[in-house]
Amino acid sequence: MKNFLNILSVSVATMIGMGALVSCEDEAIGLGNNVIGGEAEGNVKLLDVIAYNSATDTIRSDRFVLQNATFGAYNEPVFGSTSSKFYGQFRPDAIGNKDFGTEPDVDSVNLYIPVYYSTTKTPISKDTINLTNPGKKSIDTDTIMITTKYAVDSLYGNKDLNMTLRVRDINTILYRDTQYFSQLNGDSSPISANTTDLGTATIGNSVTSKVIKVKTGTSDIYSEPVGYKVLLSKGYFNDKIIKNGNTGLLADHATFIREAIKGFEFSVAEDNGFIVNFNPNNINLKMYYSYKNPTAKQPTDKDYKERLSSLYSFGFTNQWNATAGSNVLVNQIKNDFTGTPYGNAVAAGNKTEGDARLYLSGMSGSNVKIKFNQAQIDALKNDVKSKGVVLTGAKLKFFIDETVSFPKPPYIVAWNNYTKDGKVLNELYADVLEFYNAYPTSVHFNPIVKGSTNFYTIDITKHLKSMLEKGNAFENQEMVVTMGNFVMSVTDATTINSTNPYQNNRAYNPYRIVLHGNKSEVDAKKLKLLVYYASK
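A few points on the structure.

Cut-offs and rules
- Residues numbered from 1 in each chain as written.
- Predicted model: local features only at pLDDT ≥ 70, side-chain atom pairs only at ≥ 80, totals over all residues.
- Heavy atoms only, no water.
- Helix = DSSP H or I, 4+ residues; strand = E, 2+ residues; numbered from the N terminus.
- Buried < 20%, exposed > 50% of the residue type's maximum accessible area, 1.4 Å probe, protein only.
- Lys, Arg positive; Asp, Glu negative; His and termini not counted.
- Charge placed at Lys NZ, Arg CZ, Asp CG, Glu CD.
- Pairing = 2+ DSSP bridges.
- Phe/Tyr/Trp six-rings, centres within 6.5 Å; stacked < 30°, edge-to-face > 60°.
- Lys NZ or Arg CZ within 6 Å of the ring centre and 35° of its normal.
- Core = buried A, V, L, I, M, F, W, Y, C linked by side-chain atoms within 4.5 Å.
- Contact = heavy atoms within 4.5 Å.
- Expected span 1.5 Å × (residues − 1).
- Arc of directions from axis to C-beta.
- Polar contact = N/O pair within 3.5 Å; in protein donor to acceptor, adjacent residues only side chain to side chain.
- Axes fitted to C-alpha atoms, helices over the stretch in contact; angles between N-to-C directions.
- Parallel < 35°, antiparallel > 145°, perpendicular 65-115°, else oblique.
- Nonpolar A, V, L, I, M, F, W, Y, C, P; charged D, E, K, R; others polar.

1. Regarding the overall build of the chain
For step 1, the next point in the chain: Helices and strands together make up the secondary structure of the chain, namely 6 helices and 33 strands.
For step 2, the next point in the chain: Residue burial in the chain is summarised as follows: out of 536 residues, 52% are buried.
For step 3, the next point in the chain: Considering the chain, the positive charge centre built from 55 side chains and the negative charge centre built from 52 side chains are found 2 Å apart.

Dropping the structure here:
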């Protein structure tokens, strides 16, 4: 999945004094060179926190966040089931009333849904067929077809299973300025689809590339996009497109998406398999049609064709394309975690003492909330003022529960939830906005996790310094931690797109992880706030 995601104690009542003082090389707390530039110099205090599994919330799952989108279904015993449907508008590439000729008829409609696949690894297979002289060894002037099979990188779940992709048209007009949310329990959806399949395809962990060319030619005669291919109903496009060529329904984009075709739904027939992650901007939809040759055959014509062929294509581009489009795209996600460890943890989240395990799941609305020990922070603030203590770093380390086996997510992410002037605010930490964070290689706030690393880091040095050195106060503050990462800019994939913490990728992030909380029975992996400091 590496190619498609840019993803993220002791009770306060019993500990009033400062946390334990240890050397910053102490192996018991597992300090490593995870932060760019290494650990802060000096000593470290371990401050207590209360971390608990919070109730799930709804997820905004529209163009505001969907740089990628999903469809599919996955079920496992820790987090339960997640299913996703995708809804997308599309528009003709060439808008306007269209004369499709005399006796027009659709020959085929090909839909290609792009997936991420590896072009650097050796393909699964590669076959060449001689189309000029079938069965014979090709020579330089022969036309050949090359079929290459690649492994798909953008599946999460039971990758060895096959699923049935279904494409249907929708009944609901999608509006660009409407905010679309997933209720997550599946009780309601703002979008309805017809029950007739326009096309189906068996999908799995591989895709093929087909290229037709002259063996020694420098250009392709024909090539298919790499992705899941679905053959759509010819009759549907005859009715919706060909018959409406001069009715005005193709005259402009607004009329097309309201009166001709409102959009498509992508879903799967099965209730367990995998989640597909893809870029909707790269969906490829082409309608091939033919019409009667308007020129009469002449006695001298040798290659005369009674019918001529043509192409009518459509685009799904949206605001996240390099050249922004206006198509609306929406995911609708359903979860069922009844009776699972995750479901039980959410139902019994301990806001007073914290939890032993913390559960994070993308596409579920899951989040963990963390309270800081204000008495310990106040004591440290006093040391800054009276003892010349200088804060050099502050971070939380979330150790992975390695007894629960899931693919390792590259990121978890967090933001500050607090009250100001009677209003609840959710804001990015200053450590995101003011420190240098160039994803994925030079990150201060939430470094990428890969390889053998068994913990995640949230660095709030700037935030804590503002409290200790500048006296900034954040009433009722809690850190909100969730799966994934903030959405990146289209023009610069290393930088965060927004200052809104809800503009993150959890709506299409299928990863799941279990972390040690502050009440973990493994003392060395208990969640703490690590505060690095030196003395003047």
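2. Observations concerning the pairing of strand 30 (residues 455-459)
Each regular strand carries side chains that alternate between the two faces of the sheet.
For step 1, the next point in the chain: Counted residue by residue, strand 30 has 5 buried out of 5 residues, so it is predominantly covered.
For step 2, the next point in the chain: Burial along strand 30 is two-sided: F455, T457 and D459 facing one way and Y456 and I458 facing the other are all buried.
For step 3, the next point in the chain: Bridge count for strand 25 (residues 389-399) against strand 30 is 5 bridges, and the pairing is antiparallel. Directly across from F399, in strand 30, lies its bridge partner F455.

3. Side note on the packing of aromatic side chains
For step 1, the next point in the chain: Here the structure, examined in full by the defined rule, presents 31 aromatic pairs.
For step 2, the next point in the chain: Here Y236 and F264 contribute two aromatic rings whose centre-to-centre distance is 6.4 Å and whose plane-to-plane angle is 50 degrees, an arrangement assigned as tilted. In this pair, Y236 is assigned in helix 1 (residues 234-240) and F264 in strand 18 (residues 264-268), connecting sequence segments 28 residues apart. Of the two residues examined, Y236 and F264, each falls in the buried class.
For step 3, the next point in the chain: Site record: aromatic cluster; members linked through ring pairs are F90, F100, Y236, F237, F256, F264, Y289, Y291, Y312, F314 and F316.
For step 4, the next point in the chain: Sitting over the face of the ring of F455, K397 holds its NZ or CZ atom 3.9 Å from the ring centroid.

4. Let's talk about the nonpolar core
For step 1, the next point in the chain: If you look at the biggest cluster of nonpolar residues, it comprises 120 residues, and the most contacted ones within it are Y228, F237, F264, F266, M287 and F398.
For step 2, the next point in the chain: If sequence neighbours within four positions are ignored, F398 has contacts with L358, I370, I412, N454, F455, Y456, I458, V481, L515 and L527.
For step 3, the next point in the chain: Within the second largest apolar cluster, 7 residues are counted, among which are Y87, Y180, I191 and V330.

5. A few points about helix 4 (residues 374-386)
For step 1, the next point in the chain: For helix 4, spanning 13 residues, the distance from its first C-alpha to its last is 18 Å, which sits close to the expected 18 Å at 1.5 Å a residue.
For step 2, the next point in the chain: Where helix 4 is concerned, the buried positions are Q376, I377, L380, D383 and V384. One side of helix 4 holds all its buried residues, which, seen down the axis, span an arc of 115 degrees.
For step 3, the next point in the chain: In this structure, the buried side of helix 4 is in contact with strand 2 (43-47), strand 24 (367-372), strand 25, helix 6 (461-468) and strand 33 (529-535).
For step 4, the next point in the chain: The N-cap residue of helix 4 is N373: its side-chain oxygen and the backbone nitrogen of A375 are 3.1 Å apart.
For step 5, the next point in the chain: Following helix 4 by one or two positions, G388 has its phi on the positive side, about 70 degrees.

6. Quick notes on the packing of helix 4 against helix 6
For step 1, the next point in the chain: Taken N-terminus to C-terminus, the directions of helix 4 and helix 6 make an angle of 70 degrees; their axes are 9 Å apart at the nearest point. Judged by the inter-axis angle, helix 4 sits roughly perpendicular to helix 6. Across the interface between the two elements, I377, L380, K381 and V384 of helix 4 pack against L464, M467 and L468 of helix 6.
For step 2, the next point in the chain: The residue inventory of the contact of helix 4 with helix 6, partitioned by class, reads 6 nonpolar, no polar and 1 charged.

Keep in mind these numbers describe shape, not what the thing actually does.
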